[in-house]
Structure formats: C-alpha cells, structure tokens
Amino acid sequence: MQEYYDNNKALWNAKVPIHLDAELYNMEAFMAGESSLDKATLKHLGDVSGKKVLHLQCHFGQDTLSLARMGAKATGLDISDVAVDKARELNDTLGLDARFVCCNIFDAKDHIDEKFDIVFASFGTIIWLPELDAWADIVQHFLKPGGRFVFLDFHPVMDMLNWDTCAFEYHYFNKQEPYMEITQGTYADANADIKMKEYFWNHSLMEVIQALQKANLKMETMKEYDYSPYDIFGEMIKRSDREYTMKRMPVAFPYFYALVYSKG
Ligand SMILES: C[S@@+](CC[C@H](N)C(=O)[O-])C[C@H]1O[C@@H](n2cnc3c(N)ncnc32)[C@H](O)[C@@H]1O
C-alpha cells in the first residue's frame, strides 16, 4: 500500500503549483475574500463560528481557510507536504489562525491529539483511499460526543466515468486493487504540463454508509445532487452560479452527494 501512497503524494505535490494558477481555484477571488466553499457545503456545515473543525484531505487549504474566515478553529490535514506548506503560507499571509498537519489520513491519530465539533471532508477525497472502515474509524475518533461529520463528495456513479471521454470505464464497486491511470493534465487544468500515474479506488454508496454505520455514527442527512459545483471537465454547461452539468449527459445524473452523521 505504501507504494500507492508514495506515488499519490508525489502526484499531489506536483498538482499544487498547477492548481494555484488554475481558474477552478480562482486564487485572486479567494485572496480578495471570496469563500471557496460551495452552497451545498455551506448549508450542510451550518454555523461553524467558534467550532473546532478538522478538515480531512485539505489540499492547499482554501476550504480550511474559508472555514477559519467564518470563525471556525480549523485544522487541515493532508498527505502532501507541498500543499501543507502552501496552506501555512496562505494562512500567514491572510492573518488567519488555521493549523495544518501533514500526514497520511490513516496516521492521523499519531499527529493530532484533540477532539472536534465537526469533522469535514469534501470533493475528491475517498477516491484516494483504499478502504473505508479505517477511514470511518478516524472520523469517529476525532469527533467529540455530539459532534458531526459533514461529508460531500463526487457520486460513485460519476467516478465510473473516464473524466476525459465521459464514457463509463470503471466499476461501481470497490475492487480492492487500485485503478492505475496515467493522466495528462489535472481536473483543474486539462492542458497543464503534467503526466503522472495516479492510483485510486471507487467506493459505492453502500460501502460508505456501511463503514460509517460500523463506526457507530448516526446518519442525520443524505442528499444526492444533479449538478457539480465545479467545472471539472473544463467544458461543462453552467446552469446557474456554481452549478455545472455535462454537455454529453442527456439524463439527470447524480454528480455528488452529501452525508451528515452525528456521534452519540
Ligand atoms: C481533490 S483534493 C480534495 C480537497 C478539496 N476538495 C480541494 O479541491 O481543494 C484531494 C487531496 O487528498 C489528499 N490525499 C490523498 N491521499 C491522502 C491520504 N492517504 N492521506 C491524506 N491526504 C490524502 C491529496 O494530497 C489532495 O490534497
């Protein structure tokens, strides 16, 4: 497994400078004060002011820092040292008080010794993780009693598609062994000068829900959405503010889902 984690860490390290310049991450607007969080995420998070929030797989910190701007005591975690260094630099530049931890999510207990009101993860997270029982255990471990897990991610049906061709290519169910793709560009910049291996795993809704149930968390909300908040194909139809659909998809399609769980 370490080989896959090492590969993906190098991959994400290489993506950081590309994403800092990509339109999708719109750094200019973000630095000027615009939140990077989409409306569905904001709705499910609710009021975060004064709350301790652990943000899993935070990339270079835009969403974590957006939470800090909303008054949360935010901690971001990511395996990519380049991403975490950039997140810390942005935090200092913006004069915020977010904290960033660099580690594999599965080693988080060795690096963070606190409990949180909210554990949060969103958009492009579990696809990088081989299995979800240990993930759900991490989530429940870091929640205070009465705390909430707020999770939004691309729908597993969406993850069945080849994002370049929009054709179905991958199994809905986790086949345990990772998929390996050599990808040109990234979802935020298809023309970027990067061509690297990525290892990923698809997780059905059943797998996600069963893992969180095994971790004794209680489902409060589940919702599926018929749009993407990001133009991840670079050529999607903008149907309204931060709502994109695929040109070549003639039917209502599940782009992402939201789950909110509570810890008793
Ligand atoms: C698509 S980003 C998700 C964040 C957010 N939606 C965004 O776009 O800014 C995926 C992040 O997961 C991180 N990641 C991948 N595997 C990880 C692991 N095993 N432990 C911790 N972070 C991991 C990557 O470094 C990357 O920053």
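Provided above is the structure to which this section pertains.
This is a predicted model, so every value here is computed, not measured.

Each value, and the rule that gives it
- Residues numbered from 1 in each chain as written.
- Predicted model: local features only at pLDDT ≥ 70, side-chain atom pairs only at ≥ 80, totals over all residues.
- Helix = DSSP H or I, 4+ residues; strand = E, 2+ residues; numbered from the N terminus.
- Rg over C-alpha atoms; globule rule 2.2 N^0.38 Å.
- Buried ≥ 20, exposed ≤ 12 C-beta atoms within 10 Å, placed from the backbone.
- Near = placed C-beta within 6 Å.
- Nonpolar A, V, L, I, M, F, W, Y, C, P; charged D, E, K, R; others polar.
- Pairing = 2+ DSSP bridges.
- Axes fitted to C-alpha atoms, helices over the stretch in contact; angles between N-to-C directions.
- Contact = placed C-beta atoms within 7 Å.
- Core = buried A, V, L, I, M, F, W, Y, C linked by C-beta atoms within 7 Å.
- Parallel < 35°, antiparallel > 145°, perpendicular 65-115°, else oblique.
- Left-handed = near helix turned anticlockwise from the far one by under 90°.

1. Considering the overall build of the protein chain
Broken down by element type, the protein chain carries seven helices and 11 strands. For 264 residues, the compact-globule estimate of 2.2 N^0.38 gives 18 Å, and the C-alpha radius of gyration of the protein chain, at 17 Å, lies within 12% of that figure. Counting only C-alpha atoms, the protein chain reaches 45 × 40 × 40 Å along its principal axes. In the protein chain, which comprises 264 residues, the proportion classed as buried is 34%.

2. Some points on unusual backbone geometry
Unlike most non-glycine residues, N26 shows phi in positive territory, near 30°. With respect to the helices, strands and loops of the structure, N26 is situated in the loop between α1 (2-20) and α2 (27-31). Residue N26 is classed as partly exposed on the basis of its 13 C-beta neighbours within 10 Å. One non-glycine residue, H59, adopts positive backbone phi at about 55°. By secondary structure assignment, the location of H59 is in the loop between β1 (52-56) and α4 (62-69).

3. Considerations on the site of the ligand
In the region of the ligand, 19 residues are neighbours, and W12, Q57, H59, I79 and G124 sit closest. If you list the elements that add at least two residues to the shell around the ligand, you get α1 and α4. A per-element tally of the shell around the ligand places α1 first, with three residues. Here the shell around the ligand is composed, by residue class, of eight nonpolar, nine polar and two charged.

4. Section: the sheet that holds strand β8 (residues 217-225)
In space, the seven strands of this open sheet follow the order β3-β2-β1-β4-β5-β11-β8, with mixed pairing throughout. Of all strands in the sheet, those bounded by a partner on one side alone are β3 (99-102) and β8. Strand-to-strand twist in this sheet, taken as the mean axis angle between neighbours without regard to direction, amounts to 15°. As paired strands, strand β4 (residues 116-122) and strand β5 (residues 143-154) are joined by six bridges and run parallel to one another. Paired with F116 across the two strands is L143, which belongs to β5. Each of β2 (73-78) and β3 is contacted by helix α5 (residues 81-94), which is oriented at about 165° to β3, the strand it contacts most. In this fold helix α6 (residues 133-142) packs onto β1, β4, β5, β8 and β11 (256-263), with an angle of close to 140° to the strand it touches most, β5.

5. Let's talk about the nonpolar core
Ranked by internal contacts, the top residues of the largest apolar core, which has 55 residues, are V53, V119, W135, V139 and F149. The dominant element in this core, judged by the number of residues it contributes, is β5, at six residues.

6. Focus: the packing of α6 against helix α7 (residues 205-214)
With their axes 8 Å apart at the nearest point, α6 and α7 run at an angle of 50° to one another. One way to sum up the angle between α6 and α7 is to call them oblique. Crossing of α6 over α7 shows right-handed handedness. The segment α6 lies against α7, with D133, W135 and A136 engaging A211, L212 and K214. Residues of the contact of α6 with α7, tallied by class, amount to four nonpolar, no polar and two charged.

7. A word on α4
Burial analysis of α4 places seven of its eight residues in the buried class, which makes it a mostly covered element. Of all the positions in α4, only Q62, D63, T64, L65, S66, L67 and A68 are classed as buried. Buried positions along α4 lie against α2, β1, β2, α5 and β4. G71, located one to two residues past α4, shows a positive phi value of around 95°.

8. A closer look at the environment of R248
Inspection of the secondary structure assignment puts R248 in the loop between β10 (243-245) and β11. The spatial distance from the C-alpha of R248 to the C-alpha of W163 is 12 Å, given a sequence separation of 85 residues.

9. Regarding the packing of α1 against α5
Axis separation between α1 and α5 bottoms out at 7 Å; the angle between their running directions is 40°. Taken together, the axes of α1 and α5 are oblique relative to one another. Contacts between α1 and α5 involve W12, N13 and V16 on the former and, on the latter, D81, V82, A83 and K86. Taken together, the residues of the contact of α1 with α5 break down into four nonpolar, one polar and two charged.

Read these as spatial facts, not as claims about activity.
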